[in-house]
Every structure is written in structure tokens, then in C-alpha cells.
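# Geometric and topological summary
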Amino acid sequence: MNTLDARSQILLKTLIERYIAEGQPVGSRALSRYSGLELSPATVRNVMSDLEEAGFIASPHTSAGRIPTARGYRFFVDALLTVQPLQHAQMRELKGHLQPDQPQRLLNSASHVLSELTQFAGVVVAPRKDAVRIRQLEFISLSETRILLIIVTTAGDVQNRILLTRRPYTPGELSSAASYLNEHVAGLSFDEIRNRLRVELQQLRSDMTELMTATVDAGSEAAEETATNYVISGETNLLEVEDLSSNMSRLRELFKLFDQKTGLMQLLDLSNRAEGVQIFIGGESGLAPLDGCSVITAPYEVDGQVVGSVGVIGPTRMAYDRVIPIVDITARLLSSALSANH
């Protein structure tokens, strides 16, 4: 990707900056005017043609101008972008919102201020809670092959899950399965239960294996949902973004993604394992509803340990030079506020 010569890089940078600012396809006349290069429109058209062939820009059907592709944005962000320092007013607002206080309120504040400053959706992944440990499990037969699993944790939380089984289980079988599990797994997490049962299931009657496996799978899923959570603010800002609101079915998919949480959590978890700001442009997220979006994330720490991440979700046509430092500095301020509180 770094094979672009200096002239092509300047024209690509100019095109993307004009497109981000104006939202309209950029033509060769505008490029020769704004690029600062002494080039004829014909030369500019030739360079644009090369950039299009290389996949950095594309021409919408309705216009002679060009717009950036995801690949163009990626090159721009990696090689051409000059990040703007945060304005004093923004810095003051961030610091004002992120005072050491109750941790949950801090996370809500961080998410809110991210959405306020960017006018996109702000998201903060809460620190993962300790593994959920089991106090008691119960089974109630709902129909021949549907069983209600009731999970009571040592913290006193109660979760219900429906298990679908291939064969009916009698009340006696359900009762003895619950007794067996409560005797052997009380106080353990579902990961520990899975490891213990892996050995013991071989000695159990094979007709109980399905029920036990279904229980551990459903319990692990319930524990995962309880263990991680995120706070999201300003999703409705995305309704005001012309690039997104023009496609209502994609916007519906996006809001569904926010509700389901799992896919977005997996993406944000990647940020926890990375250093510094991460940028996912369009299809790079691997989540179809985010194809027209970019996600900018940064991990935050408590006492030097990464515990979660903050991020902004907006259209691919966003002012990256402005949004990146907002995400970066929010993560740093949240880290120091939470560490001071610890």
C-alpha cells in the first residue's frame, strides 16, 4: 500500500479531507485547486484514475467526482493523517466529566462525553466482573424436550435458561441431575464445572451426558452475559448522520447490533488486547451492520492493568483527526480517574 508516490498521496489526502468536510464526491477541478500542486486537471484525472484502479477511491454513478473507499480511508488513517490536538474547551469538558467518583457513574460519564464531543455513539466496556460462581441449580420440566434451568449464583443473582433436549427427562432424572450437580459444583465457576465434568461425564450414564452438557453450555452463556457489560450513549446521533440515515434497513441492523451486544463485545474485546488506539473501518470489523461505519477504540487501565475499552461508532466519513484524540484522551483520563478511585 505504501507504493503511492508523493503526488498521489497528496491528491488522495486532499480528496479524503474534502469529502469528509463536504460529503460530496470530489472532482479533478476541486483537487487541483485545493491540493496546492501545480497540476493541470488532465494530470489530476490521470492520477485519480490510477488511485481508482488501485482501489483507494471509487466513482458513484451519479457524479464525475470520486469518493474514498474503505481501503482509501485505511491508507489515509495509517499514513497521511495529522491528528489535531484537543481544543482547550474539549479538554475542560472531558476533565469535568471524568472526576474520580463512583466507578459506574464514571463509565456512564465517559460514554456520554464521547457521544457529546463527537456527535456519534460513545461506548464504554465495563471492567469484567469476577467469574460467576454457582450456589444452586434447579431443573423444571416445561414440556417433553424443554427444560427450565434455574441458576442461583453465590452473589444471589438468579438467571433462567431454557434447555432443548433430544429426549424427555423424567422428574426423577431431573431431580437426581440437580442433586448431583449441587453436590459436586457448588462454589465453582462454569469453566471449572466444565473441566470437572469432562472427566466425570465419562463415568456417568451416557443418557445424562446431553443434559449435563446443555446445562454447562447455557450456564456459561449466562455467566458471560453477567460478567461483561457496556454502556452506550448517543445512538440516536446516528439517525442525524446523512450517510447512515439514507439506508434505514442498515440503520435498523446497527441498532439491533447495539441491543444484542455479543458481536460488538467481541470487537471491543480486541481493543483490550491491543496497545493504544485501534481503528476498524467498514468491513474490517467483521460485523455486517458496521459496513458503513468506523469504530475507534482505546483500552483503559486501573493501576496499570487493562480492564476495559472506550470507543466511538460513527460513519466512515468522519473527521478522524478530531475523533481519534478524543477517544485516546478519554481512555487516559478514565484510567487515571479509576486508578485514583481504587
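Residues numbered from 1 in each chain as written. Predicted model: local features only at pLDDT ≥ 70, side-chain atom pairs only at ≥ 80, totals over all residues. Heavy atoms only, no water.

### Observations concerning the side chain of Arg-66
Definition in use: Secondary structure elements are taken from DSSP: a helix is a run of H or I of four residues or more, a strand is a run of E of two residues or more, and numbering for both begins at the N terminus. Side-chain atoms alone can form a polar contact between residues adjacent in sequence; in general such a contact is a pair of N or O atoms within 3.5 Å, and within protein one must be able to donate a hydrogen while the other accepts it.
Residue placement: Arg-66 occurs in the loop between strand 1 (57-58) and strand 2 (67-68). Looking at Arg-66, its side chain comes within polar contact range of the side chain of Glu-52, at 2.7 Å.

### Re a nonpolar patch on the surface
Using the following cut-off: Note on patches: the residues involved have over 30% relative accessible area and no salt bridge, like charges join within 9 Å, and the nonpolar side chains Val, Leu, Ile, Met, Phe, Trp and Tyr join within 5 Å. Reported accessibility uses the Shrake-Rupley method at a 1.4 Å probe radius. Residues are deemed covered only where the shown protein chains occlude them. Any carboxyl oxygen of Asp or Glu within 4 Å of a side-chain nitrogen of Lys or Arg constitutes a salt bridge here. Residue exposure (1.4 Å probe, protein chains only): buried if accessible area is under 20% of the type maximum, exposed if over 50%, otherwise partly exposed.
On the surface, Ile-140, Leu-142, Ile-162 and Leu-164 cluster together to form a nonpolar patch covering roughly 370 Å² of accessible area. Of all the secondary structure elements, the ones that give two or more residues to the nonpolar patch are strand 4 (134-143) and strand 6 (158-164). Among the structural elements, Ile-140 can be located in strand 4. What makes Ile-140 partly exposed here is its relative accessible area of 38%.

### Description of the packing of aromatic side chains
As a reminder, the rule being used: A pair of aromatic rings is counted whenever rings of Phe, Tyr or Trp (Trp by its six-membered ring) have centres within 6.5 Å, and the orientation is called stacked for planes under 30 degrees apart, edge-to-face for over 60 and tilted otherwise. Either the NZ atom of lysine or the CZ atom of arginine qualifies as a charge over a ring when it sits within 6 Å of the ring centre and within 35 degrees of the ring normal.
Under the counting rule described, the total for this entry stands at three aromatic pairs. Between Tyr-73 and Tyr-320, the ring centres sit 5.8 Å apart and the planes meet at 50°, which makes this aromatic pair tilted. A residue pair is termed long-range when its members are at least 10 positions apart, and Tyr-73 in helix 4 (residues 70-80) and Tyr-320 in helix 13 (residues 320-341) qualify at 247 residues. Taking 5.8 Å as the distance between ring centres and 65° as the angle between the ring planes, the aromatic pair formed by Phe-255 and Phe-258 counts as edge-to-face. Here Phe-258 and Phe-255 lie together in helix 11 (residues 248-260), a separation of three residues that amounts to about one turn. Classification of Phe-255 as partly exposed rests on a relative accessible area of 25%. Over the ring of Tyr-19 we find Arg-317, and its NZ or CZ is 5.7 Å from the ring centre.

### Quick word on the sheet that holds strand 5 (residues 146-153)
Keep this limit in mind: DSSP bridges decide pairing: two strands pair if at least two such bridges lie between them. Note on method: axes are straight lines fitted to C-alpha atoms, helices fitted across the in-contact stretch only, with angles between N-to-C directions ranging 0 to 180 degrees.
Taken together, three strands build an open sheet; the order of strands is 4-5-6 and the sheet is antiparallel. The open sheet is flanked by strand 4 and strand 6, the only strands paired with a single partner. With direction set aside, neighbouring strand axes in the sheet form an average angle of 20°. Judged from the seven bridges that link them, strand 5 and strand 6 form a sheet pairing that is antiparallel. Bridge assignment links Ile-147 to a residue of strand 6, and that residue is Leu-163.

### Details of the pairing of strand 6
Two faces make up the sheet, and in a regular strand the side chains alternate between them. Alternating residues of strand 6 divide into Gln-159, Arg-161 and Leu-163, all buried, and Val-158, Asn-160, Ile-162 and Leu-164, none buried. Linking strand 5 to strand 6, which pair antiparallel, is a turn of four residues; within it Gly-156 sits at a positive phi near 90°.

### Description of the packing of helix 1 (residues 6-22) against helix 4
Quick note on the threshold: Small angles under 35 degrees read as roughly parallel and large ones over 145 as roughly antiparallel, with 65 to 115 read as roughly perpendicular and the rest as oblique. Left-handed describes a crossing whose near helix is turned anticlockwise from the far helix by less than a right angle; the clockwise case is right-handed. Contact between two residues is taken to exist if any of their heavy atoms lie within 4.5 Å; hydrogens are not considered. Basically, the charged four are Asp, Glu, Lys and Arg, the nonpolar ten are Ala, Val, Leu, Ile, Met, Phe, Trp, Tyr, Cys and Pro, and anything else, Gly included, counts as polar.
Direction vectors running N to C along helix 1 and helix 4 enclose 110°, while the axes themselves pass 10 Å from each other. In terms of axis orientation, helix 1 runs roughly perpendicular to helix 4. Where helix 1 crosses over helix 4, the handedness of that crossing is left-handed. For the pair helix 1 and helix 4, contact is made by Gln-9, Leu-12, Lys-13, Ile-16, Glu-17, Tyr-19 and Ile-20 and by Gly-72, Tyr-73, Phe-75, Phe-76 and Leu-80, respectively. Among the residues forming the contact of helix 1 with helix 4, the class breakdown is eight nonpolar, two polar and two charged.

### Regarding the sheet that holds strand 10 (residues 305-315)
Two orientations exist for strands paired in a sheet by backbone hydrogen bonds: parallel and antiparallel. If you walk across this open sheet you meet the five strands as 7-3-10-9-8, and the pairing is antiparallel. Two strands bound the open sheet, and with one partner strand each, they are strand 7 (230-233) and strand 8 (278-281). With strand direction ignored, the average angle separating the axes of adjacent strands in the sheet is 15°. Relative to strand 9 (residues 293-302), strand 8 runs antiparallel, the two sharing four bridges. Across the sheet, residue Gln-278 finds its bridge partner in strand 9, namely Thr-297.

### Describing the side chain of Thr-118
In this structure, Thr-118 sits in helix 6 (residues 103-118). Owing to a relative accessible area of 3%, Thr-118 belongs among the buried residues under this scheme. Here the side chain of Thr-118 touches Leu-114 through a polar contact of 2.7 Å, landing on its backbone oxygen. A polar atom in the side chain of Thr-118 sits 3.2 Å from the backbone nitrogen of Phe-120.

### Focus: the nonpolar core
Quick note on the threshold: For our purposes a nonpolar core is just a set of buried Ala, Val, Leu, Ile, Met, Phe, Trp, Tyr and Cys residues, chained together by side-chain atoms within 4.5 Å.
Core analysis: the largest hydrophobic core is formed by 77 residues, its most contacted members being Leu-12, Leu-264, Leu-290, Ile-313, Tyr-320 and Leu-334. Of all the elements, helix 13 adds the most residues to this core, at eleven residues. Each residue touching Leu-290, except ones within four places of it in the same chain, is listed here: Leu-254, Leu-257, Leu-264, Leu-267, Gly-282, Ser-285, Val-295 and Ile-313.

### Side note on the pattern of salt bridges
Pairing of side chains with opposite charge becomes possible as their charged atoms draw close. Evaluated as defined, the whole model comprises ten salt bridges. The partner of Glu-17 in a salt bridge is Lys-13, with the nearest N and O atoms 2.9 Å apart. One end of the pair is Glu-17 and the other is Lys-13, both in helix 1 and four residues apart, which spans about a single turn. Residue classification places Glu-17 among the partly exposed residues on the basis of a relative accessible area of 38%. A single salt-bridge network, built from bridges that share partners, covers Arg-74, Asp-78 and Glu-284.

### Focus on the environment of Gly-314
Within the element layout of this structure, Gly-314 appears in strand 10. Separated by 65 residues in sequence, Gly-314 and Ser-249 place their C-alpha atoms 16 Å apart. Leaving out residues up to four positions away in the same chain, Gly-314 has contacts with Phe-120, Leu-238, Gly-292, Cys-293 and Ser-294.

Note that every value here comes from positions in space, so none of it alone points to a role or purpose.
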